[in-house]
Amino acid sequence: MTCGGAVAGGLGPRERSRIAANVCGLRARARVSREELAFLAMMATDRLARIEADAQPDTGLDVWVRLAGSLDVSLVELLAGVAWKPAEQE
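Residues numbered from 1 in each chain as written. Predicted model: local features only at pLDDT ≥ 70, side-chain atom pairs only at ≥ 80, totals over all residues. Heavy atoms only, no water.

Engineer: Any chance you could break down the overall build of the chain for me, citing the residues and the numbers?
Structural biologist: When helices and strands are counted, the chain shows 5 helices and 0 strands. Overall, the chain shows an N-to-C arrangement of helices and strands of α-α-α-α-α. Across the 90 residues that make up the chain, the buried fraction comes to 32%. Contacts in the chain between residues at least 24 apart in sequence constitute 63% of all its contacts with a sequence separation of at least 6. Looking at the chain as shown, the accessible area adds up to about 5600 Å², and 56% of this sits on carbon and sulfur atoms. (Helix = DSSP H or I, 4+ residues; strand = E, 2+ residues; numbered from the N terminus. Buried < 20%, exposed > 50% of the residue type's maximum accessible area, 1.4 Å probe, protein only. Contact = heavy atoms within 4.5 Å. Areas by Shrake-Rupley, 256 points an atom, 1.4 Å probe, with all protein chains shown as cover.)

Engineer: Tell me about the confidence of the model for the chain, and please be specific about residues and values.
Structural biologist: On average, residues of the chain carry a pLDDT of 86, and 86% of them reach 70 or more. Of all secondary-structure elements in the chain, the lowest mean pLDDT belongs to helix α1 (residues 13–30), at 93, while helix α2 (residues 34–40) reaches the highest, 98. Note that pLDDT drops below 50 for residues 5–9; the model gives that stretch 13 contacts with residues more than four away or on any other chain. (pLDDT = per-residue confidence, 0-100.)

Engineer: If you had to explain α1 to someone new, which residues and values would you point to?
Structural biologist: The end-to-end C-alpha separation of α1 is 26 Å, in line with the 26 Å expected for 18 residues at 1.5 Å each. Looking at the packing, one finds that the buried side of α1 touches α2, α3 (45–52), α4 (61–71) and α5 (75–78). Positive backbone phi, approximately 55 degrees, marks Arg31, located one or two places after α1. (Expected span 1.5 Å × (residues − 1).)

Engineer: With reference to specific residues and values, describe the nonpolar core.
Structural biologist: Counting residues in each nonpolar core, the largest one holds 17 residues, and the members touching the most others are Val23, Met43, Leu48, Ile51, Trp64, Leu67 and Leu78. For this core, the secondary-structure elements that each account for two or more residues are α1, α2, α3 and α4. It is α4 that contributes the most residues to this core, 5 residues altogether. If we ignore the near neighbours within four places in the chain, the residues touching Met43 are Ala38, Leu48, Ile51, Val63, Arg66 and Leu67. (Core = buried A, V, L, I, M, F, W, Y, C linked by side-chain atoms within 4.5 Å.)

Engineer: Which residues make up the packing of α1 against α4, and what are the values?
Structural biologist: In the contact formed by α1 and α4, the axes pass within 10 Å of each other and the chain directions differ by 25 degrees. Between α1 and α4, the crossing angle belongs to the class labelled roughly parallel. Helix-helix and strand crossings are classified by hand; for α1 and α4 the assignment is left-handed. Contacts between α1 and α4 pair Ile19, Val23, Leu26, Arg27 and Ala30 from the former with Trp64, Leu67 and Leu71 from the latter. Its residues assigned to classes, the contact of α1 with α4 comprises 7 nonpolar, no polar and 1 charged. (Axes fitted to C-alpha atoms, helices over the stretch in contact; angles between N-to-C directions. Parallel < 35°, antiparallel > 145°, perpendicular 65-115°, else oblique. Left-handed = near helix turned anticlockwise from the far one by under 90°. Nonpolar A, V, L, I, M, F, W, Y, C, P; charged D, E, K, R; others polar.)

In structure tokens:
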């Protein structure tokens, strides 16, 4: 199982890396292959691979909901350790 990689738009590198690690770890805990999880979450295997490699930009909420449901975890658990800090206004 390979995880981590390039950073692409949206959240910062730390947050994107945390999401990738969460998905990888939860998939390992569930003992399902990438192909099985992709099937359960109704997505292409290569898209899941990009998410796990921290290289899938702008993934919508529907994807996180499908992944969490397929892994039998909450969105809170799937996104643990991820936070958004808004830019300060001048």
